[in-house]
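# Examination of the molecular architecture
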Amino acid sequence: MAPRWAGRCDACGAWNSIVEEPEEAAPPRAIGTAAGGRRIAPVGLDEIGPDAPRRTTGIAELDRVLGGGLVAGSAVLVGGDPGIGKSTLLLQAVCALGQEAPCLYISGEEAVEQIRMRAARLGLSGSAVELAAAADVRDILATLDRADAPAVVVIDSIQTMFVDTLDSAPGTVAQVRASAGELVRLAKRRGLALLLVGHVTKDGMIAGPRVLEHMVDVVLYFEGDRGHHFRILRAVKNRYGATDEIGVFEMTGQGLRQVPNPSELFLANRSAGGRGEDVAGSVVFAGLEGTRPVLVEVQALVGATAPGSPRRAVVGWDANRLAMVLAVLVARGGIAVGGSDIFLNVAGGLKVSEPAADLAAAAAIVSSKLGVPVAHDAVVFGEIGLSGEVRPVPQTELRLKEAAKLGFARAIAPRRKRDGAAGLNPALQISDIASVEDLLSLLESSDVRPRASHRPGRNTAALP
Ligand code: TYD
Ligand code: MG
């Protein structure tokens, strides 16, 4: 609550993120008495019927993120930057679903003819889905609040919808909240699966999907950058499933194509278009996204040490995590990178959030700094602690299996307390690492260098 006009939020420092909410005319009174209330009838845990039926969308990558399909009477928010492919994804989903259940796609942004043309371009003509262009929530309620309502309804986008009881323009926080509230209640009442599209707005999160997250059952974000063709669908909230699953798609001329094996996509440029030789500063990280192993290339470039404060830029990883790894490398490994410009990039545009990427980032940085390539056929993973120790990470076996499947021959992985490397995937040669010092000696030895002799890096002279 601010007593006067404020341009900057005191809590988070963001500019122009404060929105006025007019106060209620009368101050709220305490209810005080039980008179007028209705008795609630609790039910026992086992008296409730079986789980709500799920409807698979026919797009496996979407179903996985939803936790197995759409639940009747639920509201799903699909957020993402404008132009990322939200409309395309949902149109493809309802066109596939339309074969089995009545579906309605309501657009407040495009005319019906435009949507039809898009569907034709996606090769989806002939689907039983129904289309409508509407933005007035009262009209939508009048159409859908009946027993024969369609099973699945898409609202594209919530920022274009409005309720006529509010004076504010569509897209404002008040309108977005009120419209979504009406639509979510409708979905619960009629047992339909509601999919809301929400654009992430440029200037902070004003009236973006964030203000709706608590009102819906499932929140999915569609991410990716414009420079790359692939898109990642990520669950950030799911009342019906896990939130760490991702779905991977590729945007093509014929719409979104599912990518059942993301590692192949992320590493595609490395083997095919890549240089085919080992390059200092490039390491393959064996990561995990939800239940699925994903291999990605982590690249580091360590520049010269220059006076003044060094530049640090990270794409696809956490800048704080990088700062920590650098501090550990300097303090525990004696690697003089403190004053150097450092750039770290997760190739392909994936955003990695696992601590297991620490060791891969450290290996890429040390490799670039020393000019010593890490072998082409090695994967790296492990978490680094402040004292320089390298800790085991979950699902070692799954990561190794994926690496072996894609033709990798060795792994640089945390030392395991009990059985060491024994019992691990026999297809890979494992270099187990207990500390940052181990990593340094491994990189300096010939062990993980390429087997064939390679062109020496520019900084080979820096080798001890
Ligand atoms: P769209 O689904 O309209 O994005 P959103 O609803 O999230 O704003 O996708 C728009 C972009 O996708 C547009 O820049 C063009 C591209 N696109 C393709 O590359 N191929 C296609 O088949 C389609 C339909 C769109
Ligand atoms: Mg759209």
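This text follows the structure it describes.
Sequence positions are assigned chain by chain, starting from 1 and proceeding in written order. Each chain gets a letter, beginning with A, and each ligand a number, beginning with 1, in the order they are written. Residue-level local features of this predicted model are given only where pLDDT is at least 70; pairs of side-chain atoms are given and counted only at 80 or more, and the full residue set underlies all totals for whole chains, interfaces and linings. As a rule here, side-chain values cover all heavy atoms of the structure and leave hydrogens and water aside.

## Section: the overall build of the protein
Convention followed: Segments assigned H or I by DSSP are reported as helices when at least four residues long, segments assigned E as strands when at least two residues long, and all are numbered from the N terminus. Exposure classes here rest on a 1.4 Å probe applied to the protein chains alone. A residue is buried below 20% of its type maximum, exposed above 50%, and partly exposed in between. Contacts are assigned to residue pairs with any non-hydrogen atoms lying within 4.5 Å of each other. Accessibility throughout is a Shrake-Rupley quantity obtained with a 1.4 Å probe, and a residue counts as covered only by protein chains that appear here.
Summing up its helical and strand segments, the protein has eleven helices and 20 strands in all. For the protein, buried positions account for 46% of its 464 residues. Put simply, of all contacts in the protein between residues at least 6 apart along the chain, 68% involve residues at least 24 apart. Looking at the protein as shown, the accessible area adds up to about 23300 Å², and 53% of this sits on carbon and sulfur atoms.

## Brief notes about the side chain of Arg399
Structurally, Arg399 can be placed in helix α10 (residues 396-405). Assessed through its relative accessible area of 0%, Arg399 is described here as buried. Ignoring sequence-local partners within four residues, the contact set of Arg399 consists of Phe285, Ala286, Gly287, Leu288, Glu354, Ala356, Phe381, Val393 and Pro394.

## Some details on the nonpolar core
For soluble globular proteins, nonpolar side chains are generally found buried alongside one another. Basically, it comes down to this: Definition used in this section: a nonpolar core is a set of buried Ala, Val, Leu, Ile, Met, Phe, Trp, Tyr and Cys residues joined via side-chain atoms within 4.5 Å. A domain assignment, automatic or from a database, supplies the domain bounds used here.
Core analysis: the biggest nonpolar cluster contains 64 residues, and Phe285, Trp317 and Ile365 have the highest contact counts within it. Looking at this core, you find at least three residues from each of domain 1 (54-260) and domain 2 (282-462). Not counting chain neighbours up to four residues away, the residues in contact with Trp317 comprise Leu322, Val325, Leu344, Val346, Val352, Glu354, Ala357, Asp358 and Ala361. Core analysis: the second largest hydrophobic core is formed by 35 residues, Val65, Leu97, Tyr105 and Val129 among them.

## With respect to empty space enclosed by the protein
Take a probe with the size of a water molecule and roll it over the atoms, and the empty space left behind shows itself. Cut-off, in case you're wondering: Grid points spaced at 1 Å over the protein atoms alone were grouped into cavities, where a 1.4 Å probe fits but cannot get out, and pockets, open sets with protein on both sides within 12 Å along at least five of seven lines, with lining residues defined by an atom within 4 Å of a point. Grid points are joined across faces, edges and corners, and a volume is the space filled by probe spheres set on the points. Each residue is assigned to one of three groups, with Ala, Val, Leu, Ile, Met, Phe, Trp, Tyr, Cys and Pro labelled nonpolar, Asp, Glu, Lys and Arg labelled charged, and all others, Gly among them, labelled polar.
The full count for this structure, using the stated rule, is two cavities of 30 Å³ or more. Volume-wise, the largest cavity comes out at about 50 Å³. A total of four residues in the lining of the largest cavity trace back to one element, the largest contributor, which is helix α2 (residues 86-97). Counted by class, the lining of the largest cavity contains nine nonpolar, one polar and no charged residues.

## Focus: the sheet that holds strand β15 (residues 340-346)
Operational definition: The pairing criterion is simple: DSSP has to find at least two bridges between the two strands. Lines fitted to the C-alpha atoms define the axes, with helices restricted to the stretch that makes contact. Angles between their N-to-C directions range from 0 to 180 degrees.
Taken in spatial order, the seven strands make up an open sheet running β14-β15-β13-β12-β16-β19-β20, and their pairing is mixed. Edge positions in the sheet fall to β14 (312-315) and β20 (429-433), since each has one partner strand and no second. Taking each pair of neighbouring strands and ignoring which way they run, the sheet shows an average axis angle of 25°. Sheet topology places β14 next to β15; four bridges connect them, and they run parallel. Bridging across to β15, Val314 finds its partner in Leu344. The strands that helix α9 (residues 358-370) touches are β12 (282-289), β13 (292-305), β15, β16 (378-380) and β19 (410-414); relative to β13, the one it contacts most, it runs at about 35°.

## Comments concerning the pairing of strand β7 (residues 193-199)
Residues in a regular strand project their side chains so that they alternate between the two faces of the sheet. Spelled out, the test is: When the strands point away from the viewer, a crossover counts as right-handed if the path from the first strand over the helix to the second runs clockwise.
Burial within β7 is extensive, with seven of its seven residues counted as buried. By the alternation rule, side chains of β7 split into Ala193, Leu195, Val197 and His199 and Leu194, Leu196 and Gly198, which are all buried. Where strand β6 (residues 152-156) meets β7, four bridges bridge the pair, whose relative direction is parallel. Across the sheet, the residue bridging to Ile155 is Leu196, located in β7. This β-α-β element, β6 to helix α5 (residues 173-190) to β7, shows right-handed connectivity.

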